[in-house]
Amino acid sequence: MSGVQLLEVAEDHDGQRLDRWMRKIFPHLSQVRIEKMCRKGEIRVDGGRVKASTRVESGQSVRVPPISDAEEKPRGERAMNITKADAEMIQACVIYKDDDIIAINKPAGLAVQGGSKQTKHLDGLSEALKFGYDAKPKLVHRLDKDTSGVMLLARNGKAAAGLAKAFQSRETRKIYWAAVAGCPTPNLGTIKFGLVKAAGHGPNQAGEKMICIHPREVEHHKGAKHATTDYMVLEDVGKRASWLAMVPITGRTHQLRAHIAELGSPIVGDGKYGTNAQTNDGDGWGAQLGGDISRKLHLHARSLTLTHPITKNKLHLTAELPDHMQKTWDMFNWQTKYAPVDPFEDMK
């Protein structure tokens, strides 16, 4: 039986119905059970009462009441076998640990939570991150499966509540690094395109993606939301490829990927928003560079700055690039040791 949980809505769940969001996290919860918890006020979003049909937004904090083990864990997760190699791998990802929180450098390709097609994920592997505690650390925010970088886990309820509040109120500062095809112009800017979800053509809307629209048109598109991203070109290679730093001011689904692709410079390896071509056909580059450059997504949560939820000390956490991105950096002779900690310092 779990205790009360405070869970942050991930970017890729923005705009989803609450009941569907709950069933993705707790697959064995019935619709009747979810609706009953909503009626009794046991499930709350940002502290307020909600209906099962309420749409949740990225960054919101959802209060979930105690859930029994049978309800909380899908059958696949209960049977998940953490091998010695799995445990050593996830423990090697730890970049910071104290009595209240753990920070890891999440590997690219590792899902945060389980699903019908996910047999290995961070939530299950976190059993190997107890380090002497009785309970495994709790997830308090998310990264997409193919995005690497800094992720926090809370080791107790008080820390979980404090971190959830910090992410919800945007008191944390996240800086992402990416390699993109082409070179955005100007070299420093703020992207303010609104975003609206377009359904995919596959089963259950598979292949859905975010479409950019002019800020003035957001109010005229159902489901559209304002979104803001700061970006800066740190290095470029003859305008064919660039190293970007990006800060998501808002936290919409696929915001960084959609925004930078709209400028004609998709993130390397992002076929969803940039196609798998290697050329610029006049309306922007494809998302592949060719040659020995990896076809994996080149998006990394480089750093996270926050106030510790318990000690109130300021923390600045940094994650090294994954191997496939480091190889690209080496090929272009991009030197991470010379990169500013926060290139947007003067823009704050």
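Residues numbered from 1 in each chain as written. Predicted model: local features only at pLDDT ≥ 70, side-chain atom pairs only at ≥ 80, totals over all residues. Heavy atoms only, no water.

**Q** What exactly am I supposed to notice about the overall build of the protein chain here?
**A** On a plain count of helices and strands, the protein chain comes out with 10 helices and 16 strands. Taking 2.2 N^0.38 as the reference for a compact globule, 348 residues should give roughly 20 Å; the C-alpha atoms of the protein chain span a radius of gyration of 20 Å, in line with that estimate. Considered along the principal axes of its C-alpha atoms, the protein chain spans approximately 55 × 50 × 40 Å. Within the protein chain, the fraction of its 348 residues that count as buried is 52%. Long-range contacts, defined here as pairs at least 24 residues apart, represent 66% of the contacts in the protein chain between residues at least 6 apart. Carbon and sulfur atoms provide 48% of the accessible area of the protein chain, an area that totals close to 16,600 Å². In the protein chain, the 51 positive side-chain charges and the 41 negative ones have mean positions that sit 6 Å from each other. (Helix = DSSP H or I, 4+ residues; strand = E, 2+ residues; numbered from the N terminus. Rg over C-alpha atoms; globule rule 2.2 N^0.38 Å. Buried < 20%, exposed > 50% of the residue type's maximum accessible area, 1.4 Å probe, protein only. Contact = heavy atoms within 4.5 Å. Areas by Shrake-Rupley, 256 points an atom, 1.4 Å probe, with all protein chains shown as cover. Lys, Arg positive; Asp, Glu negative; His and termini not counted. Charge placed at Lys NZ, Arg CZ, Asp CG, Glu CD.)

**Q** When you look at the packing of aromatic side chains in this model, what are you seeing that I'm missing?
**A** Geometry of an aromatic ring pair is reported as the spacing of the ring centres plus the angle between the planes. Counted according to the given criterion, the structure contains 5 aromatic pairs. For the pair Trp177 and Trp243, a centre-to-centre distance of 5.0 Å together with 75° between the ring planes defines the contact as edge-to-face. Linking Trp177 in strand E9 (residues 173–181) with Trp243 in strand E14 (residues 241–248), this pair joins segments that are 66 residues apart in sequence. For the pair Trp177 and Trp243, a shared accessibility class is recorded, and that class is buried. (Phe/Tyr/Trp six-rings, centres within 6.5 Å; stacked < 30°, edge-to-face > 60°.)

**Q** How do you make sense of the side chain of Gln255 when you look at a structure like this?
**A** With respect to the helices and strands, the residue Gln255 is situated in helix H8 (residues 255–262). Polar contacts involving the side chain of Gln255 include one to the main-chain carbonyl oxygen of Thr228, which spans 2.7 Å. (Polar contact = N/O pair within 3.5 Å; in protein donor to acceptor, adjacent residues only side chain to side chain.)

**Q** Hey, could you run me through the UniProt feature "active site" (unreviewed entry) in the protein chain in this one?
**A** Using the residue numbers shown here, the UniProt feature "active site" (unreviewed entry) corresponds to Asp144. Tracing the sequence through the fold places Asp144 in the loop between strand E7 (138–139) and strand E8 (148–154). (UniProt positions renumbered as here; feature names shortened; annotations may be inferred.)

**Q** Just checking my understanding: could you explain a positive patch on the surface for this structure?
**A** Together, Arg20, Arg23, Arg55 and Lys222 give the surface a local cluster of positive charge. As for its position among the elements, Arg23 is in helix H1 (residues 18–25). Among the residues examined, Arg23 registers a relative accessible area of 31% and is labelled partly exposed. (Patch = residues over 30% accessible without salt bridge, like charges linked within 9 Å, V, L, I, M, F, W, Y side chains within 5 Å. Salt bridge = Lys/Arg side-chain N within 4 Å of Asp/Glu carboxyl O.)

**Q** I'm lost on the pattern of salt bridges in this one. Help?
**A** Here the idea is simple: oppositely charged side chains can pair when their charged atoms come close. Under the definition given, this model contains 8 salt bridges. Arg17 is the salt-bridge partner of Asp19, the closest N and O atoms lying 2.7 Å from each other. A salt bridge links Glu320 to Arg302; the nearest nitrogen and oxygen atoms lie 4.0 Å apart. On the criterion of sequence distance, the pair formed by Glu320 in the loop between strand E16 (314–318) and helix H10 (323–332) and Arg302 in strand E15 (residues 299–307) is long-range, its members being 18 residues apart. Since its relative accessible area comes to 14%, Arg302 is described here as buried.

**Q** What's the story with the pairing of strand E13 (residues 229–237) in this structure? I'm lost.
**A** Here strand E10 (residues 188–191) runs beside E13; their pairing, made up of 4 bridges, is antiparallel. By the bridge assignment for E13, Gly189 is matched with Tyr231. Pairing between E13 and E14: 8 bridges, direction antiparallel. In the sheet register, Glu235 faces E14, and the bridge partner there is Trp243. The turn joining E13 and E14, which pair antiparallel and follow one another in sequence, is formed by 3 residues; a positive phi near 55° is taken by Gly238. (Pairing = 2+ DSSP bridges.)

**Q** Explain the nonpolar core to me, please; I cannot follow it from the model alone.
**A** As a rule of thumb, soluble globular proteins bury nonpolar side chains together. In terms of nonpolar packing, the biggest core is built from 30 residues, with Ile90, Ile104, Met246, Ile260, Ile267 and Leu299 touching the most fellow members. Not counting residues within four places of it along the chain, the set of residues in contact with Ile267 comprises Ala178, Ala179, Val180, Met246, Arg257, Ile260, Ala287, Leu297, His298 and Leu299. (Core = buried A, V, L, I, M, F, W, Y, C linked by side-chain atoms within 4.5 Å.)

**Q** Can you walk me through helix H5 (residues 84–92) in this structure?
**A** Helical geometry: 3.6 residues make up each α-helical turn, so side chains three or four residues apart lie on a common side. Where H5 is concerned, the buried positions are Asp86, Ala87 and Ile90. All buried residues of H5 lie within an arc of 95° about the axis, which places them on one face of the element. For H5, exposure combined with an orientation more than 90 degrees from the buried face picks out Lys84, Ala85 and Ala92. Check the buried side of H5 and you find it contacts strand E5 (94–97), strand E6 (101–106) and helix H6 (122–125). (Arc of directions from axis to C-beta.)

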